[in-house]
Amino acid sequence: MIDFNLQIKTKIYFGPDKEDLIGDILSEQRIQRVLIIIGQGSVKKNGLLTKVIGKIEEKNISHMLLEGVRPNPEIDFVRENIYQIREFKPDFILAIGGGSVIDTAKLIACVYDYDGDLFDFNSHKSKPTKALPIGVILTISAAGSEMSTSCVIQNDRTGRKAGFNSELVRPVFAIENPTLTYSVSPYQTACGIVDIMMHTLERYMQPSSDNEPADGFAEALLKSVIKAGQKVMRNPEDYESRAVLMLMSSLSHNGLTNIGKPHGMPVHQLEHGLSGMYKTIAHGAGLAVLWPAWAKYYVQYDVDKFDQYARNVWNLQNIDKKENALQGIKLTEEFFRYIGMPSRLMEFKVGAIDIDGLINRLTDNGTRVVAHPVKPLDGEVARIIYNSCL
């Protein structure tokens, strides 16, 4: 186990109707002016926004509504709205939605008092030094941004999708009512399941000691998500399964499953190139295609860890470690297909002609190599992986 610092400040309010507490929560923190950020209208249609605004107004808290955040959120949305946000002078930001809305809130929190280009933090030209506090009312189990330090934003002008990490953007609280996810479509539910698993698996596949606590956390989390995912596909209103997925979303990306371990997410980097190039591709769907291809290539470099995954998560007991590892990868791929995820890039209408563009985005036109403890992910390796899942 390596040295680490971990402080998870996010307080979770978990259970049905916990969004009713939002007025009290903000009032206790002496919030006077709150910026509310939402996506493209679902929280208006289902009445959640009206309820939340009513609870806030009961406490005489002023609010400004910013709506229209899209999936794979884009920097120009922030650029177009930052002036009026600064005019409103919020002292708190409330994100109602999933990862796209939360990440938009995180960037706005950091650039509110920033004089440089608003994409500087995501392009790693600068680091945030202060940020407005953020709270979340979660409506989908997926990105884990409700408890994470991560903020991923896309730049349509350049086709680049990139993230930064800062403790400044870890939310103060997250309200998690699993019943709010009953209406999430089967496809988006499945995308979320994959995202939860990948946040866990990518950490899990980093180097470990013989008795690594984080690996035990990860294995238990993965088994819970697989079981809940199977049930929720059969019954979208299975409360226990929805509750498991919502909680695991938060725990998969808050640092718990890599505590005392190195942290790296090469498959996420491969996928950022994909959805950066094609903004209509859901992040989880892209991961579902890319992880099996990545795993089949990397298993040769880390047979023991893939074998451990197969044994402890899928209960496979083949004597031959590599055979066992490959079977674990196969079962993961089959699970993704069972929940309705794509398995080939051609399902996104991505073909061989697009590979060079994907590699250029991943490698910043050949100037960047994604670190990995056993085999760095450069353009040559990326080409093999992208081609193998066409």
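Now for a look at the structure at hand. Please read these numbers as outputs of a predicted model, since none were measured by experiment. (Residues numbered from 1 in each chain as written. Predicted model: local features only at pLDDT ≥ 70, side-chain atom pairs only at ≥ 80, totals over all residues. Heavy atoms only, no water.)

Focus on the overall build of the chain
In step 1: The helix and strand inventory of the chain stands at 14 helices and 8 strands.
In step 2: Each principal axis of the C-alpha atoms in the chain carries an extent, and together these give about 65 × 45 × 45 Å.
In step 3: Within the chain, the proportion of its 390 residues that are buried is 57%.
In step 4: Within the chain, contacts between residues separated by at least 24 positions form 78% of all contacts whose residues are at least 6 apart in sequence.
In step 5: As presented, the chain carries roughly 16400 Å² of accessible surface, and 48% of it is formed by carbon and sulfur atoms.
In step 6: For the chain, the distance from the average site of its 43 positive side-chain charges to the average site of its 46 negative ones is 1 Å. (Helix = DSSP H or I, 4+ residues; strand = E, 2+ residues; numbered from the N terminus. Buried < 20%, exposed > 50% of the residue type's maximum accessible area, 1.4 Å probe, protein only. Contact = heavy atoms within 4.5 Å. Areas by Shrake-Rupley, 256 points an atom, 1.4 Å probe, with all protein chains shown as cover. Lys, Arg positive; Asp, Glu negative; His and termini not counted. Charge placed at Lys NZ, Arg CZ, Asp CG, Glu CD.)

What about the environment of Val-289?
In step 1: Turning to its location among the elements, Val-289 is positioned in helix α10 (residues 283-298).
In step 2: Judged by relative accessible area, Val-289 falls into the buried class, the value being 3%.
In step 3: Along the backbone, Val-289 and Cys-389 are 100 residues apart, and their C-alpha atoms lie at a distance of 6.9 Å.
In step 4: Excluding residues that lie within four positions of it along the chain, Val-289 makes contacts with Pro-342, Ser-343, Arg-344, Leu-345, Phe-348 and Cys-389.

Focus on the pattern of salt bridges
Pairing between side chains becomes possible if they bear opposite charge and their charged atoms approach one another.
In step 1: In total, this model carries 20 salt bridges according to the counting rule given.
In step 2: As a salt-bridge pair, Glu-67 and Lys-44 come within 3.2 Å of each other at their nearest N and O atoms. Taken together, the positions of Glu-67 in the loop between β3 (62-66) and α4 (75-88) and Lys-44 in helix α2 (residues 42-45) put the pair 23 residues apart, joining distant regions of the chain.
In step 3: Among the ionic pairs, Glu-167 bridges to Arg-170, the shortest N-O distance being 2.9 Å.
In step 4: Beyond isolated ion pairs, a larger network of salt bridges with shared partners links Asp-76, Arg-79, Asp-117 and Arg-157. (Salt bridge = Lys/Arg side-chain N within 4 Å of Asp/Glu carboxyl O.)

Structural notes on the packing of helix α9 (residues 266-277) against α10
The description of two helices packed together rests on the angle between their axes and the distance between the axes.
In step 1: Contact geometry for α9 and α10: axes closest at 9 Å, N-to-C directions at 125 degrees. In terms of orientation, α9 and α10 fall into the oblique class. Between α9 and α10 lies a crossing whose hand is right-handed. For the pair α9 and α10, contact is made by Pro-266, Val-267, His-268, Leu-270, Glu-271, His-272 and Leu-274 and by His-283, Gly-286, Leu-287, Leu-290, Trp-291 and Trp-294, respectively.
In step 2: Of the residues belonging to the contact of α9 with α10, the class tally is 8 nonpolar, 4 polar and 1 charged. (Axes fitted to C-alpha atoms, helices over the stretch in contact; angles between N-to-C directions. Parallel < 35°, antiparallel > 145°, perpendicular 65-115°, else oblique. Left-handed = near helix turned anticlockwise from the far one by under 90°. Nonpolar A, V, L, I, M, F, W, Y, C, P; charged D, E, K, R; others polar.)

Comments concerning the packing of aromatic side chains
For any pair of aromatic rings, the description consists of the separation of the ring centres together with the inter-plane angle of the planes.
In step 1: By the definition in use, this model includes 13 aromatic pairs.
In step 2: For the ring pair Trp-291 and Trp-294, a centre distance of 6.4 Å and an interplane angle of 40 degrees mean the geometry is tilted. With a gap of 3 residues between them, Trp-291 and Trp-294 both fall in helix α10, about one helical turn apart. Across this residue pair, the class does not change: Trp-291 and Trp-294 are buried.
In step 3: Centre to centre, the rings of Phe-335 and Phe-336 are 6.3 Å apart; their planes meet at 50 degrees, and the pair counts as tilted. As far as the burial class goes, Phe-335 and Phe-336 line up, both buried.
In step 4: Taken together through their ring pairs, the aromatic side chains of Tyr-204, Trp-291, Trp-294, Tyr-297, Tyr-298, Tyr-301, Phe-306 and Tyr-309 make up a single cluster.
In step 5: Across the ring face of Phe-88, the terminal group of Arg-33 is positioned such that the distance to the ring centre comes to 4.4 Å.
In step 6: One cation-aromatic arrangement involves Lys-305 over Tyr-204; the distance from NZ or CZ to the ring centre is 4.7 Å. (Phe/Tyr/Trp six-rings, centres within 6.5 Å; stacked < 30°, edge-to-face > 60°. Lys NZ or Arg CZ within 6 Å of the ring centre and 35° of its normal.)

Focus on the side chain of Glu-19
In step 1: As for its position among the elements, Glu-19 is in the loop between β1 (11-14) and α1 (22-28).
In step 2: A relative accessible area of 2% places Glu-19 in the buried class.
In step 3: At a separation of 3.1 Å, a polar atom in the side chain of Glu-19 contacts the side chain of Asn-177. (Polar contact = N/O pair within 3.5 Å; in protein donor to acceptor, adjacent residues only side chain to side chain.)

Just distances and angles here, no functional claims.
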